[in-house]
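This is what each chain is made of:
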Amino acid sequence: MGRIAYVNGRFVRQAEACVHIEDRGLQLADAVYEVWALFDGRLADAEGHFARLNRSLGELRIAEPMSRAALTVVIREAIRRNRVRDGLVYLQVSRGVAPRDHAFPKTPTPPGVIVTVKAVDRAAAEAKAAKGVGAVTTPENRWGRCDIKSVSLLPNVLARQQAAEAGAAEAWFVDDLGFVTEGAASNAWIVDADGRLRTRDTNANILRGITRFTLIDVIRDVGMVVDERPFTPADAYAAKEAFMTGAGALVTPIVSLDGRPIGDGVPGPVATRLRSLYIERAKATAI
Ligand SMILES: Cc1ncc(COP(=O)(O)O)c(C=O)c1O
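For every chain, the first residue of the written sequence is number 1, and numbering continues from 1 along that sequence. Totals for whole chains, interfaces and linings use all residues, but because this is a predicted model, local features are given only for residues with pLDDT of at least 70 and pairs of side-chain atoms are given and counted only at 80 or more. The side-chain values count all of the structure's non-hydrogen atoms but skip hydrogen atoms and water molecules.

Digging into the site of the ligand
Next, step 1: A single heavy atom is enough: if one lies within 4 Å of a molecule or strand, its residue is considered near that molecule or strand. The immediate surroundings of the ligand are formed by 19 residues, with Arg 52, Lys 149, Glu 182, Ile 210 and Thr 211 found nearest.
Next, step 2: Here a polar contact is taken to be a pair of N or O atoms separated by no more than 3.5 Å, where protein atoms must pair a possible hydrogen donor with a possible acceptor and residues adjacent in sequence count only if both atoms sit in side chains. One of the side-chain N or O atoms of Lys 149 is found 2.8 Å from an oxygen atom in the ligand.
Next, step 3: Accessibility throughout is a Shrake-Rupley quantity obtained with a 1.4 Å probe, and a residue counts as covered only by protein chains that appear here. Considered on its own, the ligand offers 380 Å² of accessible surface; in the complex 93% of this is hidden by protein.
Next, step 4: Per the convention used, a helix needs a DSSP run of H or I reaching at least four residues, while a strand needs a run of E reaching at least two, with both numbered from the N terminus. Elements that contribute at least two residues to the shell around the ligand include exactly helix 2 (46-60), strand 9 (180-183), helix 6 (210-221) and strand 13 (241-246).
Next, step 5: When residues are sorted by character, Ala, Val, Leu, Ile, Met, Phe, Trp, Tyr, Cys and Pro go into the nonpolar class, Asp, Glu, Lys and Arg into the charged class, and all the rest, Gly among them, into the polar class. A class-by-class count of the residues in the shell around the ligand yields 6 nonpolar, 9 polar and 4 charged.

Following this line, the structure appears as structure tokens:
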């Protein structure tokens, strides 16, 4: 069975799905997106992702395409039609279709909405996490509003390609002050040389990862402490552990950075435990 996409009010075969060539998302990256992990057909961290979607739309003054309830119905129907139990839901909302011009259209246009669903092989993902992945560092070169989940992702694309060419899975951006901001598609964490769990604070120019927020809750619930203090690549090289979080990665151990092993060069106990605690929480609260 081929995949089914929701595009501007209709469910269509994904292979035949199209958008207008003057959709502003296509021509100007004038669009935002969200990604939910799916566990047993249910949306993980649903509320956080919906809230961030509305925030991204609000910051860019793109109209909400429909109510949260209606969007939930559309997403659920997309999941059902694709018969996916474990996977990812992708939602994109553009400012709509208008003759190409950088400024907003004078007459407001209906937002363009796309929903796709893809299956994830959780057993393969577990095997990957059990082995850990590599990461590389790269200079931060993104705009100043990384808190908005915009589809304008060229720096992230180039960073991920740099990682891929180095045989790594993720790239960590390093800002002008020499601190790691986040990954190309995930938030960055270490267990530093003193055993402190560190990740960049959300006043920095990073995406406020929903997985990050849930994981901080989980960490506090088990009596551990998170230190939201910036760290440098040198801190990471000397760290006991490193890992990344995101709707796709969940919690994935990073076992090397720029080709140097982190800790023993295998997934550490903290990342391994946090991955299973996060998945347990995500499954228990998915809707
Ligand atoms: C740049 C960036 N940072 C962080 C994340 C993690 O965010 P979340 O946990 O909400 O998926 C993502 C996810 O796509 C991302 O693209």
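A few points about the pairing of strand 1 (residues 4-7)
Next, step 1: Here the term buried applies to any residue with accessible area under 20% of the maximum for its type, exposed to any over 50%, and partly exposed to those in between, with areas from a 1.4 Å probe on protein chains only. Judged by which residues are buried, strand 1 turns out to be covered on both faces: Ile 4 and Tyr 6 on one side and Ala 5 and Val 7 on the other are all buried.
Next, step 2: Strands were regarded as paired on the criterion that DSSP finds at least two bridges between them. Pairing geometry for strand 1 and strand 2 (residues 10-13), over 4 bridges, is antiparallel. In the strand pairing of strand 2, Tyr 6 is matched with Phe 11.
Next, step 3: Hairpin connection from strand 1 to strand 2: 2 residues lie between these consecutive antiparallel strands, with Asn 8 at a positive phi of about 45°.

Looking at the nonpolar core
Next, step 1: Grouped together as the largest cluster of nonpolar side chains are 27 residues, with contacts concentrated most on Trp 189, Leu 197, Leu 215, Phe 243 and Leu 274.
Next, step 2: Where this core is concerned, the elements lending two or more residues are strand 3 (31-39), strand 10 (187-191), helix 6, strand 14 (250-257) and helix 8 (269-285).
Next, step 3: Sort the elements by how many residues they give to this core and helix 8 lands first, with 7 residues.
Next, step 4: We call two residues in contact when some of their heavy atoms are within 4.5 Å. Discounting chain neighbours no more than four positions away, the residues touching Leu 215 are Trp 189, Phe 243, Thr 245, Val 251, Leu 274 and Tyr 278.
Next, step 5: What makes a nonpolar core is a set of buried Ala, Val, Leu, Ile, Met, Phe, Trp, Tyr and Cys residues whose side-chain atoms join them at distances within 4.5 Å. The next biggest cluster of nonpolar side chains, apart from the first, holds 24 residues, and it includes Leu 53, Leu 57, Leu 60 and Val 74.

Here we look at the packing of aromatic side chains
Next, step 1: The criterion for an aromatic pair is that two Phe, Tyr or Trp rings (for Trp, the six-membered ring) have centres within 6.5 Å, with stacked assigned to planes under 30 degrees apart, edge-to-face to planes over 60 apart and tilted to the rest. Within this structure, the stated rule accounts for 5 aromatic pairs.
Next, step 2: Ring centres 5.2 Å apart and planes at 65° place the aromatic pair Tyr 6 and Phe 11 in the edge-to-face group.
Next, step 3: The partly exposed category is assigned to Phe 11, whose relative accessible area is 24%.
Next, step 4: On the numbers, 5.2 Å between centres and 20° between planes, the contact of Trp 189 with Phe 243 is stacked.

Some thoughts on the packing of helix 2 against helix 3 (residues 68-82)
Next, step 1: Each axis is a line fitted through C-alpha atoms, taken for helices only over the stretch in contact, and angles between the N-to-C directions span 0 to 180 degrees. Running from N to C, helix 2 and helix 3 cross one another at 120°; their axes reach a closest spacing of 12 Å. One finds that helix 2 runs oblique with respect to helix 3. Remark: the crossing between helix 2 and helix 3 carries right-handed chirality. Residues Glu 47, Phe 50, Ala 51, Leu 53 and Asn 54 of helix 2 touch helix 3, and the partners they reach there are Arg 68, Leu 71, Thr 72 and Ile 75.
Next, step 2: Per-class residue counts for the contact of helix 2 with helix 3 are 5 nonpolar, 2 polar and 2 charged. Should an angle fall under 35 degrees it is taken as roughly parallel, and over 145 as roughly antiparallel, whereas 65 to 115 is taken as roughly perpendicular and any remaining angle as oblique. Helix crossings fall into two classes, left-handed where the near helix is turned counterclockwise from the far one by less than a right angle and right-handed where it is turned clockwise.

Looking at helix 3
Next, step 1: By this rule the span expected of a helix is its residue count minus one, scaled by 1.5 Å. The first and last C-alpha atoms of helix 3 sit 21 Å apart over 15 residues, in line with the 21 Å expected at 1.5 Å per residue.
Next, step 2: Looking at helix 3, one finds that the buried residues are Leu 71, Thr 72, Val 74, Ile 75, Ala 78, Ile 79 and Asn 82. The arc enclosing the buried residues of helix 3, seen along the axis, measures out at 160°, which places them on a common side. In helix 3, those exposed residues whose orientation departs by more than 90 degrees from the buried face are Ala 69, Val 73 and Arg 80. What the arc describes is the spread of directions from the helix axis to the C-beta atoms.

Digging into the environment of Asp 30
Next, step 1: Examined against the element boundaries, Asp 30 turns out to sit in the loop between helix 1 (24-28) and strand 3.
Next, step 2: Along the sequence, Asp 30 and Gln 161 sit 131 residues apart, while their C-alpha atoms lie 23 Å from each other.
Next, step 3: With residues near it in sequence (within four places) discarded, Asp 30 still touches Arg 24, Gly 25, Ile 62, Ser 94 and Arg 95.
Next, step 4: Reaching out from Asp 30, the side chain makes a polar contact with the side chain of Arg 95 at a distance of 2.6 Å.

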